Amino acid sequence: MPLHSKADSAGDLDLNPMYVREEGQSIPRNEIPARGMLPDTALQVVRDELILDGNARLNLATFVTTWMEPQARQLMAECFDKNMIDKDEYPQTAELERRCVNILASLWHAPDATASSTDGAVGAAAAAPSVGNGAPSVGNAGPSVGATGCSTTGSSEACMLGGMALLWRWRGRHSGAGAAAGPPNLVMGSNVQVCWEKFCRYWQVEPRLVPMAPGRLHLTGAEAAARCDENTIGVVAVMGSTMDGSYEPVHEIGQCLDQLHADTGLDVPVHVDGASGGFVAPFLQPDIEWDFRVRRVVSINASGHKYGLVYPGVGWVVWRDAAALPEDLIFRVNYLGGDMPTFALNFSRPGGHVAAQYYNFLRLGFEGFRRVQQACQDVAMHLSAEIAQIGPFELLTDGSELPVFAFRLRDEHAARYSVFDLSERLRQRGWRVPAYTFPADMRDTAVLRIVVRNGFSMDMAGLLLDDLRQHTQELAAQPCPPAAPVPGGRQRQRRAFAH
Ligand SMILES: Cc1ncc(COP(=O)(O)O)c(C=O)c1O
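Keep in mind that what you see is a predicted model, and the values were worked out from it rather than measured. (Residues numbered from 1 in each chain as written. Predicted model: local features only at pLDDT ≥ 70, side-chain atom pairs only at ≥ 80, totals over all residues.)

Quick notes on the overall build of the chain
Each helix and strand counted, the chain has 13 helices and 15 strands in total. In the chain, buried positions account for 45% of the 499 residues. A separation of at least 24 residues holds for 72% of the contacts in the chain among residues at least 6 apart in sequence. (Helix = DSSP H or I, 4+ residues; strand = E, 2+ residues; numbered from the N terminus. Buried ≥ 20, exposed ≤ 12 C-beta atoms within 10 Å, placed from the backbone. Contact = placed C-beta atoms within 7 Å.)

Regarding the pairing of strand 7 (residues 270-273)
The two faces of strand 7 match: Val270 and Val272 on one face and His271 and Asp273 on the other face are all buried. Sheet topology note: the strand 6 (residues 232-238)/strand 7 ladder contains four bridges and is parallel. Note on strand 7: the bridge partner recorded for alanine 237 is valine 272. Crossover strand 6 to strand 7 through helix 7 (residues 250-264) is right-handed. Two elements, strand 7 and strand 8 (residues 297-303), share four bridges in a ladder whose sense is parallel. By the bridge assignment, valine 272 is partnered in strand 8 with isoleucine 300. (Pairing = 2+ DSSP bridges. Right-handed = clockwise from strand over helix to strand, strands pointing away.)

Some thoughts on the nonpolar core
Grouped burial of nonpolar side chains is what soluble globular proteins tend to show. The biggest cluster of nonpolar side chains holds 126 residues, and the ones touching the most others in it are Leu104, Val235, Ala237, Val318 and Val447. The residue makeup of this core includes at least three contributed by each of domain 2 (72-360) and domain 3 (376-491). Setting aside its immediate chain neighbours within four residues, alanine 237 contacts Leu219, Glu248, Val250, Ile253, Val270 and Val272. (Core = buried A, V, L, I, M, F, W, Y, C linked by C-beta atoms within 7 Å. Domains from an automatic or database assignment.)

Some points on the sheet that holds strand 7
On the basis of which strands lie adjacent, the open sheet formed by seven strands has the order 3-9-8-7-6-4-5 and mixed pairing. Each edge of the sheet is formed by a strand with only one pairing partner; in this case those strands are strand 3 (148-152) and strand 5 (206-210). Strand-to-strand twist across the sheet, computed as the mean angle between neighbouring axes with direction ignored, equals 20°. Contacts between helix 7 and the sheet are confined to strand 6, strand 7 and strand 8, with strand 7 contributing the most and set at about 170° to the helix. (Axes fitted to C-alpha atoms, helices over the stretch in contact; angles between N-to-C directions.)

Here's the deal with helix 4 (residues 155-173)
Here helix 4 is 19 residues long and its end C-alpha atoms lie 27 Å apart, about the 27 Å a rise of 1.5 Å per residue gives. Counting buried positions over the 19 residues of helix 4 gives 14, a clear majority of the element. (Expected span 1.5 Å × (residues − 1).)

Description of the sheet that holds strand 13 (residues 404-409)
The strand order 12-13-15-14 describes an open sheet built from four strands, whose pairing is antiparallel. In this open sheet, the two strands that pair with only one neighbour each are strand 12 (393-395) and strand 14 (435-437). When the angles between neighbouring strand axes are averaged without regard to direction, this sheet yields 40°. Both strand 12 and strand 13 contribute to a ladder of three bridges, which runs antiparallel. Along strand 13, the bridge assignment pairs phenylalanine 393 with leucine 409. This element, helix 9 (residues 352-390), spans strand 12, strand 13 and strand 15 (446-451) of the sheet and lies at about 140° to strand 12. Most of the contacts of helix 11 (residues 419-427) go to strand 15, to which it runs at about 35°, and overall it touches strand 13, strand 14 and strand 15.

What about the environment of tryptophan 168?
Structurally, tryptophan 168 can be placed in helix 4. Take tryptophan 168: there are 16 C-beta atoms within 10 Å of it, and that puts it in the partly exposed class. Sequence spacing of tryptophan 168 and isoleucine 233 is 65 residues, and the spatial spacing of their C-alpha atoms is 8.6 Å. Contacts of tryptophan 168, omitting those with residues within four sequence positions, involve Pro326 and Leu329.

No statement about biological role is implied by the geometric values presented.
Dropping the structure here:
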């Protein structure tokens, strides 16, 4: 059974007569056609199908980059044929990966790594050139030339690698005489992205999820520390939450774990899931201590394809230092004549994304990144302030951390219509604003969430607000209000959580 199925998948594809040379040419939908076709015909057929995907720029559900400038697209196209894994064959692509790891390690205040490996970005090259250039770099810890980290296909893979390193280090601590009394566990808020639940299931780690509560929409230090024991491989802190864009208090979590250490001897490390915030906080909130400045933070991931401004297909993970990444997780592959250290879940992967990430760092510099993220935040905060003014909505966040915010209908309005109704209506003009319910213990809270990304202008925000105001008015004026939402019933069926 395919994992994704759709009702209309039977029958042949319909071909426009202008594309075909012979009468009656058909294209079976689910089998390879007996004969081929001209490239332009194939292009047209596939393009026609994809029209129905909608306009990515109006998609306010996704965190993922939907626009890059033509020069970046060209660079990516030039690198389509490079395989990221063939570091021996494409040493300069590998070099760009190393520089990106060093740039991120430096932005995230990693202490200079002591690793002396000169191959691959895992245990990256001490020989890698400094990219800090000595230029003034606000919020930048200075050039890091030997950071430990690598690129991945996205944050999900990066989180898996970060989680595996935690698991391996915990096993190392509990091997032999100090064998663990129970299965390993990972402490995190119930608001974590699904990749952490995957990690726990695939690696048989118990997920210790701290439920949400009214007024506490993410993990706190006290809640995290209270759930740790000798089998805790680590605590995951999210910068920021996929649910509402809020930052978890990494510094406070570190302090509570320090206290736990002092009180009980339990020494619990922290992984920061900075899928989005890893590329936002260094530029917009340089004073928030969420990164390697917090002593307990051993690893950080981020999605290059979110606020790193690259098209989908790249993530990053960086460890505090070489000691934080157990050596036995690194494979030294004898490939095409070279000894290549790798730590990845997959093997082949296109090189263009890494080149594009490096391009973005050069193209924008620190100040350019800051301006792009600031523009997103200005739009997000303008939108949230205007939405709060409309009347029926209560903001849960306002876009002042990630340029992302969530809002709900006040109870007196929720009896007449739901956020799901509003989300469906907004789709009529192409806007994708997801509506979903929160996880345990706040399943009865349904919200709309808006992610403001590069390219969503004040003008577009104005158009969205016009539509939102109009639909809100129309829904409120409905002659016959639908039945009140049943907790866990209709709302749950219509849950539409999109990352
Ligand atoms: C906090 C967080 N972690 C991990 C992920 C997974 O990221 P990716 O889509 O890059 O695999 C997401 C995606 O939205 C996220 O928001």
